[in-house]
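The primary structure of each chain is shown beneath.
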Amino acid sequence: MLEVAGVHTYYGESHILHGVSLRVAEGEAVALLGRNGAGKTTLIRSIVGFTPPREGRILFEGAPIHAWPPYRISRRGVALVPQGRRIFAPLTVRENLLLGARADGWTLERVFELFPRLRERAAQAGGTLSGGEQQMLAIGRALLTNGRLLLLDEPSEGLAPILVREIGRVVKGLKGQRLSILLVEQNYHLALQVADRVYVMNKGQIVYEGTPQGLEADEEVKRRYLGVA
Ligand SMILES: Nc1ncnc2c1ncn2[C@@H]1O[C@H](COP(=O)(O)OP(=O)(O)O)[C@@H](O)[C@H]1O
Ligand SMILES: [Mg+2]
């Protein structure tokens, strides 16, 4: 589904990603963990075309997308829940949801079934929602683009534990069907709860690749790169 191979990405002269390779198979949920500043968002930006790699390849369903503009990558089937949610505060919940909507599979009705809270708030301005509700809105908006690969950049950031569990439950439920998932997280427990496979990134490089069980057992990697005791 997604193949990132030897990607180098820069901001101007700052060399951030140093030969990153990663795969997401069809129907798979993959977690990308790593400390603040490791380069996780930069990798997401590389995949969706906001900050294209200067070297390396990115294939989506076999198509080399690494030099495509963002709108084309999105239209091809890559959906993004960006870090910080990026809700349009003055627009209503319904308007936010329908912004990038494409008919095929996910409908407003299905999103409201997944997140009943959004139905109750459909006519309210996005900016009036709580953090958890805004995250549901960001996920609903991405689902309505009806992509086949869903990228989530730290969906649990700033949420209370009960909402983190709720997001975990929802993301887990989305897996399979027609969706593959790449979940970027700093929340180790959420990532391990959702993922079939895990990568850990540090200083722009992949430093661990394996199963959740393998990572759970690797005290060295957990301590050095994740700060998990
Ligand atoms: N727009 C930018 N311009 C220059 N440097 C940036 C920019 N965005 C991020 N960086 C730097 O790139 C590195 C990786 O950041 P980022 O990808 O956001 O990490 P993460 O998402 O893992 O926290 C950090 O050192 C950060 O300071
Ligand atoms: Mg980030």
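Structure first, text after, so check above.
Computed from a predicted model, the values in this text were never measured in an experiment.

Enquirer: In this structure, what is going on with the sheet that holds strand β1 (residues 2-11)? I would like to understand it.
Expert: Either a parallel or an antiparallel arrangement is found when strands of a sheet pair, and the pairing is made through backbone hydrogen bonds. With antiparallel pairing, the four strands of this open sheet are ordered in space as β2-β1-β4-β5. The sheet terminates laterally at β2 (14-24) and β5 (63-64), the two strands that pair on one side only. Judged from the five bridges that link them, β1 and strand β4 (residues 55-60) form a sheet pairing that is antiparallel. Each residue of the ladder has a partner; that of Ala 5, found in β4, is Arg 57. Running at roughly 110° to β1, helix α1 (residues 40-48) makes contact with β1, β2 and β4 of the sheet.

Enquirer: Is there a simple way to think about the packing of helix α6 (residues 131-144) against helix α7 (residues 161-174) in this case?
Expert: What describes two packed helices is the angle between their axes and the distance between those same axes. Here α6 crosses α7 at 15°, and the two axes come no closer than 10 Å. Between α6 and α7, the crossing angle belongs to the class labelled roughly parallel. Where α6 crosses over α7, the handedness of that crossing is right-handed. Counting all contacts with α6, which are made through Gly 132, Gln 135, Met 136, Ile 139 and Leu 143, the residues of α7 involved are Leu 163, Glu 166, Ile 167 and Leu 174. Here the contact of α6 with α7 is composed, by residue class, of six nonpolar, two polar and one charged.

Enquirer: Help me out: how do you make sense of the site of ligand 1 in this one?
Expert: Around ligand 1, the neighbouring residues are Tyr 11, Ile 16, Arg 35, Asn 36, Gly 37, Ala 38, Gly 39, Lys 40, Thr 41 and Thr 42. At a separation of 3.0 Å, an oxygen atom of ligand 1 approaches a polar backbone atom of Gly 39. Thr 42 places a side-chain nitrogen or oxygen 2.5 Å from an oxygen atom of ligand 1. Summarising the interface, the protein chains cover 58% of the accessible area of ligand 1, which totals 560 Å² for the free molecule. No other element matches the three residues that α1 contributes to the shell around ligand 1. Its residues assigned to classes, the shell around ligand 1 shows three nonpolar, five polar and two charged.

Enquirer: It is not clear to me how the coordination of the magnesium ion (ligand 2) should be interpreted in this structure. Could you clarify?
Expert: Tetrahedral coordination by four donors sets the ideal angle at the metal to 109.5 degrees; octahedral coordination by six donors sets it to 90 or 180 degrees. Looking at the metal site, the magnesium ion (ligand 2) is ligated by Thr 41 (OG1) and Gln 83 (OE1), spaced 2.0 to 2.3 Å from it. Note that Thr 41 is positioned in helix α1 and Gln 83 in the loop between β6 (78-81) and α3 (93-98), a separation of 42 residues in sequence. For Gln 83, a relative accessible area of 24% puts it in the partly exposed group.

Enquirer: Looking at this structure, how should I read the pairing of strand β7 (residues 149-153)?
Expert: If a strand is regular, its side chains alternate between the two faces of the sheet. Counted residue by residue, β7 has five buried out of five residues, so it is predominantly covered. Strand direction decides the pairing type here: β6 and β7, joined by four bridges, are parallel. Looking at the pairing, Val 78 lines up with Leu 149 of β7.

Enquirer: What exactly am I supposed to notice about the nonpolar core here?
Expert: The nonpolar side chains of soluble globular proteins are, as a tendency, buried together. Core analysis: the largest hydrophobic core is formed by 34 residues, its most contacted members being Leu 97, Leu 118, Ile 139, Leu 150, Leu 152, Leu 174 and Ile 181. Elements that contribute at least two residues to this core include exactly β6, α3, α4 (108-114), α6, β7, α7, β8 (180-185) and α8 (188-194). Examining the composition of this core, we find that seven residues originate from one element, α6, more than from any other. Ignoring any residue separated from it by four or fewer positions in sequence, one finds Leu 97 in contact with Leu 108, Val 111, Phe 112, Leu 137, Gly 140, Arg 141 and Leu 144.

Analysis parameters
- Residues numbered from 1 in each chain as written.
- Chains lettered and ligands numbered in written order.
- Predicted model: local features only at pLDDT ≥ 70, side-chain atom pairs only at ≥ 80, totals over all residues.
- Heavy atoms only, no water.
- Pairing = 2+ DSSP bridges.
- Helix = DSSP H or I, 4+ residues; strand = E, 2+ residues; numbered from the N terminus.
- Contact = heavy atoms within 4.5 Å.
- Axes fitted to C-alpha atoms, helices over the stretch in contact; angles between N-to-C directions.
- Parallel < 35°, antiparallel > 145°, perpendicular 65-115°, else oblique.
- Left-handed = near helix turned anticlockwise from the far one by under 90°.
- Nonpolar A, V, L, I, M, F, W, Y, C, P; charged D, E, K, R; others polar.
- Near = heavy atom within 4 Å.
- Polar contact = N/O pair within 3.5 Å; in protein donor to acceptor, adjacent residues only side chain to side chain.
- Areas by Shrake-Rupley, 256 points an atom, 1.4 Å probe, with all protein chains shown as cover.
- Donors = N, O, S within 2.8 Å, 3.2 Å for Na, K, Ca; no water.
- Buried < 20%, exposed > 50% of the residue type's maximum accessible area, 1.4 Å probe, protein only.
- Core = buried A, V, L, I, M, F, W, Y, C linked by side-chain atoms within 4.5 Å.

Purely spatial values, then, with no claim about function.
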